[in-house]
Every structure is written in C-alpha cells, then in structure tokens.
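Analysis of the macromolecular model
Given next are the chains, with one letter for each unit.
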Amino acid sequence: MEGLAIRASRPSIFCSLPGLGGDPQRRPPADGFLKFPASSNAAENTKLVVNSGSFHPISAVNVSTQASLTADFPALSETNVKEERINGEKKADNIVWHESSICRCDRQQLLQQKGCVIWITGLSGSGKSTVACALSKALFERGKLTYTLDGDNVRHGLNRDLTFKAEDRTENIRRIGEVAKLFADVGVICIASLISPYRRDRDECRSLLPEGDFVEVFMDVPLSVCESRDPKGLYKLARAGKIKGFTGIDDPYEAPLNCEVVLKHTGDDFSSSPRQMAENIISYLQNKGYLEG
Ligand SMILES: Nc1ncnc2c1ncn2[C@@H]1O[C@H](COP(=O)(O)OS(=O)(=O)O)[C@@H](OP(=O)(O)O)[C@H]1O
Ligand SMILES: Nc1ncnc2c1ncn2[C@@H]1O[C@H](COP(=O)(O)OP(=O)(O)O)[C@@H](O)[C@H]1O
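Scoring rules and cut-offs
Residues numbered from 1 in each chain as written. Chains lettered and ligands numbered in written order. Predicted model: local features only at pLDDT ≥ 70, side-chain atom pairs only at ≥ 80, totals over all residues. Heavy atoms only, no water. Helix = DSSP H or I, 4+ residues; strand = E, 2+ residues; numbered from the N terminus. Buried < 20%, exposed > 50% of the residue type's maximum accessible area, 1.4 Å probe, protein only. Contact = heavy atoms within 4.5 Å. Areas by Shrake-Rupley, 256 points an atom, 1.4 Å probe, with all protein chains shown as cover. Pairing = 2+ DSSP bridges. Axes fitted to C-alpha atoms, helices over the stretch in contact; angles between N-to-C directions. Near = heavy atom within 4 Å. Polar contact = N/O pair within 3.5 Å; in protein donor to acceptor, adjacent residues only side chain to side chain. 1 Å grid on protein atoms, 1.4 Å probe; cavity = no way out; pocket = protein on both sides within 12 Å on 5 of 7 lines; lining within 4 Å. Sits in = over half its atoms within 2 Å of the grid points. Lys, Arg positive; Asp, Glu negative; His and termini not counted. Salt bridge = Lys/Arg side-chain N within 4 Å of Asp/Glu carboxyl O. Core = buried A, V, L, I, M, F, W, Y, C linked by side-chain atoms within 4.5 Å. UniProt positions renumbered as here; feature names shortened; annotations may be inferred. Points joined across faces, edges and corners; volume = space filled by probe spheres on them. Nonpolar A, V, L, I, M, F, W, Y, C, P; charged D, E, K, R; others polar.

Okay, the overall build of the protein chain next. Broken down by element type, the protein chain carries 10 helices and 10 strands. Taken over 293 residues, the protein chain has a buried fraction of 42%. Looking at the protein chain alone, contacts between residues at least 24 apart form 75% of all its contacts between residues at least 6 apart. Of the accessible surface of the protein chain, which amounts to about 16,300 Å², a share of 55% is contributed by carbon and sulfur atoms.

Following this line, the structure appears as structure tokens:
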C-alpha cells in the first residue's frame, strides 16, 4: 500500500491538529514528516497543513508501508527530526529512486545463477580468505561468476579511512554490506570475507537483502588454532601489547547464533581442508537453487 508523506517544518509553538495527533506542548522548531494513507486526498492534505499555521510544508513524497507509514496520522516527532539530520546537517530530501529497465531476474537468466552474498565471518587466522579463495575457484570451474570482498583488501581502498575501534568496524561492515548488496543485485555471487565481530552489524547486512540471499558462514576455529597459525605475526604483537584492541585478545568476537553454514575446525585433514569447506558451501547453494538461473 502506498501513502503520502508531507515534509514540513514546525515552528516553536506546536499546536495539536484535529486528526493529526500530536500534543499541545511547547517544543523547539524542527523538520519532519506528516504521514497520510494513500486513500486520502494529497491536495486536501497539503492545504490542511498550510492552513494549520502550525506547519510549513516543504515537499511531498510517496512512501510505502515498508517505509514505516502508519495509518494513524502521527505528527512530527523527535525521532523524525533525528533521522533527517546527518552530523547536524539537514539531509538532502530531493532524491528520487530510479527503476532500472532490466530487472534482477533478467540478469539471473543471463548469468544462469542467482545473486547472493556469502558472508564469511571468523577470527583473524580462522581461514576466511583461504575459504573465500577456494570457493571462488570452485565456482569459477562450474562456470559461476563470483567476486570477493576481503576485509583486508577493502581497507586499502574504500575503507582506508577506518580504524579498528568499534564504530569504525561497524562502518567497515556497513559499507561492505552495501557493496555486497549491489553485487548480488547484479547477479553475482558475492563473497564477503571479514572478521565482522559484532552480531548486530552482520544482522544489519542481512536485513539489506531479500530473505535467503544472505548466507552467513561461520569459521568455527578455536582461538588457540588461529593463534598458532598467526601468518602475519599479529597475535604475537597483540599478546605483547603492541597492537591494542585485537579481536579475540582484547576485543570481542560474537559468534553467530543461527547461521546458514558452520565450518568447524575438526583437526581432521579432509573435513577441515579449504577445498572441502568450499564444497560444503557449494552444496548449500546448490540445494537452495542459487546455481541456476
Ligand atoms: N585490531 C585488529 N583486530 C583485528 N584484525 C586486525 C586488527 N588490526 C589489524 N588487523 C588485520 O585486519 C584484518 C581484519 O580486517 P576486517 O576488515 O576483516 O575487520 S573487521 O571486520 O572490521 O573487524 C585482519 O585480517 P584477517 O587476519 O584476514 O582477518 C588482520 O590482519
Ligand atoms: N583449512 C585450513 N587448514 C589449515 N590451515 C589453514 C586452513 N585455512 C587457512 N589456513 C592457514 O591459516 C592461515 C590463515 O588463513 P587466512 O585465510 O589468511 O585466515 P583469515 O583470512 O581468517 O585471517 C594461513 O596461513 C592459511 O594458509
């Protein structure tokens, strides 16, 4: 169901409008949205807002129920105000979504595969990059198109401005999640390989994609094994206190609770080999129909 949102500014004295809700208390001036259901008359609603003297309309946009349109005419709220400001600056509001003339299913047909995101999470040294590499190779051999976004690599370019403090890791993951979503939309099997230590950040990335298209793969490898591998010598530096906030040492890692694939380190050469782990992921994709158009 579609609806109409009228963007408006509110002067310092806020009066309650019949049918629009709100309260008669004094509040600071602010911008926000007045939302109406699709069944109501857009011109009439705008007139009502103008005549109210309590709001100054700025623009009107169509919104869907997914954009949290509610049917009970909520008035401007502090929440609206917060969402519409970025670092204190007013967020651009003259942005319109353009539909493409070629849809996702056309691209799936062309590539004979369904775009999705394989999100590989785990401690440093757990084998994320190795599995990502084995997976892209095995899929390539089957004629499937993949692209890998490796945390280490993306931090050399797009995310070069980010550190390892919690909020920067969150931003790192958010950006990679958004880029991965674009690849999946193109029809590519996008392999994202990064520590992504926080459950909430991974769940945010999951929520960007249609149901089923986010395949979370957990490298379930004990810290002691990762530390004994230590290919870059980073654990040694972290233990010596020369790197602060190293995941697993003095920074948290939240293992997935409910992910699609768990690749458990067993110590057994065959089941723990990168090739076998890649095959496990491929079986999952095959069963879910991602390797056909
Ligand atoms: N403080 C700290 N904590 C964890 N890792 C660190 C840190 N500093 C540098 N490195 C190296 O950076 C790689 C992890 O980058 P990611 O982008 O995957 O990390 S995160 O998802 O933002 O947490 C990670 O690479 P991998 O070993 O491939 O996981 C490390 O080599
Ligand atoms: N399944 C595996 N069995 C044994 N060693 C592995 C396995 N996967 C990766 N390794 C080794 O462990 C080290 C870390 O692997 P890497 O893929 O770089 O991990 P991550 O990307 O999670 O940091 C590398 O030296 C790699 O050769």
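The parallel open sheet is built from five strands, whose spatial order is β7-β8-β6-β9-β10. The strands lining the two open edges of the sheet, one partner per strand, are β7 (146–150) and β10 (261–264). Within this sheet the neighbouring strands show an average axis-to-axis angle of 20°, counted without direction. Here strand β6 (residues 116–121) runs beside strand β9 (residues 214–220); their pairing, made up of five bridges, is parallel. Considered in β9, the bridge of I118 is made with V215. Against the sheet, helix α6 (residues 166–186) engages β6, β7 and β8 (189–193), with an angle of about 150° to β6. Strand contacts of helix α7 (residues 199–207): β6 and β9, with the helix running at about 155° to β9, the strand carrying the most contacts.

Inspection of the region around ligand 1 gives 19 residues, with S124, R155, R169, N172 and S196 positioned closest. One of the backbone N or O atoms of S196 is found 2.8 Å from an oxygen atom in ligand 1. Notes on ligand 1: free accessible area 630 Å², of which the protein chains cover 92%. The cavity that encloses ligand 1 is the second largest pocket.

Along the chain, K128 turns up in helix α4 (residues 128–141). The side chain of K128 sits in the buried core without any salt bridge; D150 is the nearest counter-charge, 7.5 Å away.

We now examine the nonpolar core. One recurring pattern in soluble globular proteins is that nonpolar side chains are buried together. Core analysis: the biggest nonpolar cluster contains 35 residues, and I118, I120, L135, V217, L263, I281 and L285 have the highest contact counts within it. Mapped onto this core, the elements with two or more residues apiece are β6, α4, β8, β9, α8 (223–229), α9 (234–239), β10 and α10 (274–287). Beyond its immediate chain neighbours, meaning those up to four positions away, I118 contacts L135, I189, C190, I191, A192, V215, V217, I281 and L285. Counting residues in each nonpolar core, the second largest holds 14 residues, with L149, I173, C190 and A192 among its members.

A few words now on the UniProt feature "domain: APS kinase" (unreviewed entry) in the protein chain. Those places that UniProt annotates as "domain: APS kinase" (unreviewed entry) correspond, in this numbering, to residues 114–264. As annotated, residues 114–264 comprises 40% helix and 18% strand, and the C-alpha atoms at either end are separated by 26 Å.

So, about the layout of surface pockets. By volume, the second largest pocket amounts to about 750 Å³. Every residue lining the second largest pocket is counted, 38 residues in all, and those nearest its centre are S124, G125, K128, I195 and K232. Elements with a minimum of two residues in the lining of the second largest pocket: α4, α5 (151–154), α6, α9 and α10. Looking at the lining of the second largest pocket residue by residue, the class counts come to 15 nonpolar, 14 polar and nine charged.

This next bit is on unusual backbone geometry. A positive phi angle, near 55°, is found at Q112, a position not held by glycine. One can find Q112 in the loop between α3 (104–111) and β6. Positioned with a positive phi, D230 is a non-glycine residue whose angle comes to about 30°. For D230, the location among the structural elements is in the loop between α8 and α9.

Every residue near ligand 2 is listed here: L123, S124, G125, S126, G127, K128, S129, T130, R229, P231, S272 and P274. S129 is positioned such that a nitrogen or oxygen atom in its side chain is 2.7 Å from an oxygen atom of ligand 2. Among the detected pockets, ligand 2 sits in the second largest pocket. Broken down by element, the shell around ligand 2 gets its largest block of residues, three residues, from α4. Here the shell around ligand 2 is built from residues that sort into three nonpolar, seven polar and two charged.

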